Every structure is written in C-alpha cells, then in structure tokens.
Amino acid sequence: MTVDKSLRARKGIVRARNVLTRAEQIEKLKEQDRWTDETSPIGLPKVRVYKVVVKKKKKKKGEEEGAETAVKGAKSAAPKGKK
C-alpha cells in the first residue's frame, strides 16, 4: 500500500532527533576535543544531543499598557458598518 501525497513529509524531520549518525557523532567529538585520527570509529563514546528550546520574550509593563490602549483606541475609532 502506498502513502497518499498529502500525508508525506515534504521537508523531512522538523523536530530534534535524539540519534546521531556516526559522522555527526565524530563531528561533535572533534568539537569537544575528544576525537583523534587514531581513534576507531567503531564503539564511539556517547554524545549528548541538546534540544533547542526557544522561550517567548516577556513584554515590559509599559509596552503592554501602551499596546492595550492603542488597541482600545483603534476599536473605538473604527467606523461601524452595516451588516
């Protein structure tokens, strides 16, 4: 049975993966200075995969109040049309 076109992933995996390929593991080990050219690629040490979490920025109180008053002013100034 084939997969419908609408159900196929177009761009591949978007979320963070928890398993790295051997080449990716070696790159990480080189960045951490834990890899030498004499080291065997078989039986690599574990490499931790960090998940990137983006936090939302908090607005300051002055900005929130200014935005709320601007929205209220825009609603009251908007002309009321017929339905």
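The rules behind the values
- Residues numbered from 1 in each chain as written.
- Predicted model: local features only at pLDDT ≥ 70, side-chain atom pairs only at ≥ 80, totals over all residues.
- Heavy atoms only, no water.
- Helix = DSSP H or I, 4+ residues; strand = E, 2+ residues; numbered from the N terminus.
- Buried < 20%, exposed > 50% of the residue type's maximum accessible area, 1.4 Å probe, protein only.
- Areas by Shrake-Rupley, 256 points an atom, 1.4 Å probe, with all protein chains shown as cover.
- Core = buried A, V, L, I, M, F, W, Y, C linked by side-chain atoms within 4.5 Å.
- Contact = heavy atoms within 4.5 Å.

1. A look at the overall build of the chain
(1) Moving on: For the chain, the count of helices and strands is two helices and zero strands.
(2) Moving on: By residue count, 7% of the 83 residues in the chain fall in the buried class.
(3) Moving on: When the accessible surface of the chain is totalled, it reaches about 9,000 Å², and 53% of it is carbon and sulfur.

2. Looking at the environment of A23
(1) Moving on: Counting through the fold element by element, A23 comes out in helix α1 (residues 22-31).
(2) Moving on: Here A23 falls in the partly exposed class, since its relative accessible area comes to 47%.
(3) Moving on: Placed 18 residues apart in sequence, A23 and P41 show a C-alpha to C-alpha distance of 8.9 Å.

3. Observations concerning the nonpolar core
(1) Moving on: Judged by nonpolar contacts, L20, I26, L29, W35, L44 and V47 together constitute the single largest core of six residues.
(2) Moving on: Contact partners of I26, with chain neighbours within four places excluded, come to W35, P41 and L44.

4. Some remarks on unusual backbone geometry
(1) Moving on: Positive phi is not limited to glycine here, since D33 has a value of about 60°.
(2) Moving on: Mapping D33 onto the fold places it in the loop between α1 and α2 (61-77).
(3) Moving on: Judged by its relative accessible area of 69%, D33 falls in the exposed class.

5. So, the environment of R15
(1) Moving on: Secondary-structure assignment places R15 in the segment before α1.
(2) Moving on: Along the backbone, R15 and V52 are 37 residues apart, and their C-alpha atoms lie at a distance of 9.7 Å.

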